[in-house]
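# Descriptive structure summary
Chain residues, written in single-letter form:
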Amino acid sequence: MMRAAILAAGAVAFGLLTVVCLSRHLPPPTASKSIIPATFHARMELGTLTLRGSLPSETSKATILQRAQELYGAKPGRVVDELAVDPRVGPASWADYVPKVLPILGTMTERGSIIIDGRSVVLSGRVASEQAKTKLLRAIGPMTTAGLELEDHILAPSSASALRLPLGSLQHKLDTALSRNKIEFDSNKSTLTLNGRVALDQLIMILRDVPQATIEISGHTDGFGAPDYNMELSRRRADTVRQYFLKHGLTNPFTAIGYGATKPRSSATTQTALQKNRRIDLRVKGVGDL
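Residues numbered from 1 in each chain as written. Predicted model: local features only at pLDDT ≥ 70, side-chain atom pairs only at ≥ 80, totals over all residues. Heavy atoms only, no water.

## Some remarks on the packing of aromatic side chains
The following threshold applies: Any pair of Phe, Tyr and Trp rings, taking the six-membered ring for Trp, is counted once the centres come within 6.5 Å. Such a pair is stacked with planes under 30 degrees apart, edge-to-face with planes over 60 apart, and tilted for the rest. Consider the ring centre and the ring normal. A charge sits over the ring if Lys NZ or Arg CZ is within 6 Å of that centre and within 35 degrees of that normal.
All chains considered together, the criterion is met by one aromatic pair. Between Lys-263 and the ring centre of Tyr-259, over which it is positioned, the NZ or CZ distance is 4.2 Å.

## Thoughts on the sheet that holds strand 9 (residues 279–284)
The following threshold applies: Pairing between strands is defined by DSSP: at least two bridges between the two strands are required. The secondary structure listing takes helices from DSSP runs of H or I that are at least 4 residues long and strands from runs of E that are at least 2 residues long, numbered from the N terminus. Throughout, an axis means a line fitted to C-alpha atoms (over the contacting stretch in the case of helices), and angles, computed between N-to-C directions, take values from 0 to 180 degrees.
Strands sit in the order 8-7-9 across an open sheet of three strands; the sheet is mixed. Two strands lie at the open edges of the sheet, namely strand 8 (254–258) and strand 9, each paired on one side alone. Shown here is a sheet whose adjacent strand axes are inclined to one another by a mean of 20°, direction ignored. As judged from the six bridges shared by strand 7 (residues 215–220) and strand 9, these two strands associate in the antiparallel manner. Looking at the pairing, Ser-218 lines up with Asp-281 of strand 9.

## A look at the environment of Pro-142
Here is the rule: Throughout this description, buried means an accessible area under 20% of the type-specific maximum (1.4 Å probe, protein chains only), exposed means over 50%, and partly exposed covers the range between.
Residue position: Pro-142 is located in helix 5 (residues 141–145). On the basis of relative accessibility, which here comes to 26%, the residue Pro-142 falls in the partly exposed class. Along the sequence, Pro-142 and Tyr-97 sit 45 residues apart, while their C-alpha atoms lie 6.7 Å from each other.

## Comments concerning the nonpolar core
How we decide: The criterion is simple. A nonpolar core is a set of buried Ala, Val, Leu, Ile, Met, Phe, Trp, Tyr and Cys residues joined through side-chain atoms within 4.5 Å. Here a residue-residue contact requires only that any non-hydrogen atoms of the pair lie within 4.5 Å.
Counting residues in each nonpolar core, the largest one holds 35 residues, and the members touching the most others are Phe-40, Leu-51, Trp-94, Leu-105, Ile-116 and Met-143. Contributing elements (two or more residues each) for this core: strand 1 (39–45), strand 2 (48–55), helix 2 (58–72), strand 3 (79–85), helix 3 (98–101), strand 4 (111–116) and strand 5 (120–126). Ranked by residues supplied to this core, first place goes to helix 2 with four residues. Leave out the neighbours within four places in its chain, and Phe-40 touches Leu-51, Arg-52, Gly-53, Ile-64, Leu-83, Trp-94, Val-98, Leu-102, Ile-114, Ile-115 and Ile-116.

## A few points about the packing of helix 7 (residues 194–207) against helix 8 (residues 227–247)
Helix packing for two helices is described by the angle between their axes and how far apart those axes are. The line we're drawing: Angular relationships are summarised with four words: roughly parallel below 35 degrees, roughly antiparallel beyond 145, roughly perpendicular across 65 to 115, and oblique for the angles in between. Two helices crossing with the near one rotated counterclockwise from the far one by less than a right angle form a left-handed crossing, whereas a clockwise rotation gives a right-handed crossing. Residues were grouped as follows: Ala, Val, Leu, Ile, Met, Phe, Trp, Tyr, Cys and Pro as nonpolar; Asp, Glu, Lys and Arg as charged; and all remaining residues, including Gly, as polar.
At a closest axis distance of 10 Å, the pairing of helix 7 and helix 8 adopts a crossing angle of 55°. Judged by the angle between their axes, helix 7 and helix 8 are oblique. Crossing hand, helix 7 versus helix 8: right-handed. Of the residues in helix 8, those in contact with Arg-197, Leu-200, Asp-201, Leu-203, Ile-204 and Leu-207 of helix 7 are Val-241, Tyr-244 and Phe-245. Broken down by class, the residue content of the contact of helix 7 with helix 8 amounts to seven nonpolar, no polar and two charged.

Below, the structure written as structure tokens:
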């Protein structure tokens, strides 16, 4: 009897020891991956189509690229592929419709773009007539049935008055665009990320039709780091934005200024507050206190 009790106690002890050892050597549980929305940006300019964005699968990317080549790739270099496949990107029902709406870029004069940020589809460009605009908007219909909200910035001859926005309206458009898509840079650098370039491309479509507007581009950082370093980093980032605008044909009078951490939006030290303080602002001269 005593022997059986000793054996039973030994078995229990061995089992506990096994559990402890295994728990020490098992890999830690992996954190659930955060899902980010798919994005897509197609810009047609001077006969060259540039594709950017983050897609959920190689299949969706290949289908979009194949259709773009069929439509616009008759000559080498006419389709520029900057699309990325990101495993963090969630499913996007609208991705299946992208190949069907790519032809509308060929109906725009000189330049045009389709930008999808996961919530809305933004159309920008000029067409030859109101009839052409109506046909274009009808063609984009499948995107709205996929749950995207349409933002129409298509200009037709009869809507030429829209080319001269009041400065207050222009400021509102810029602020709205920046609230939806932040101008991002690589950490501690003045190099734009893919999302940063997409954000600037949206701003270009707004600014292109108001070349008379004077714009201040201001760079801002959080309060960590040496003040001189932050000031210089913010200035270089603001100038990167200015150079990007000029490279893409904007003729507005731009000034690029770095404010470092001297104009924070929040005095808190939470991650959310710090992200608000790290930013690029665009201000229309003549509006507010500028």
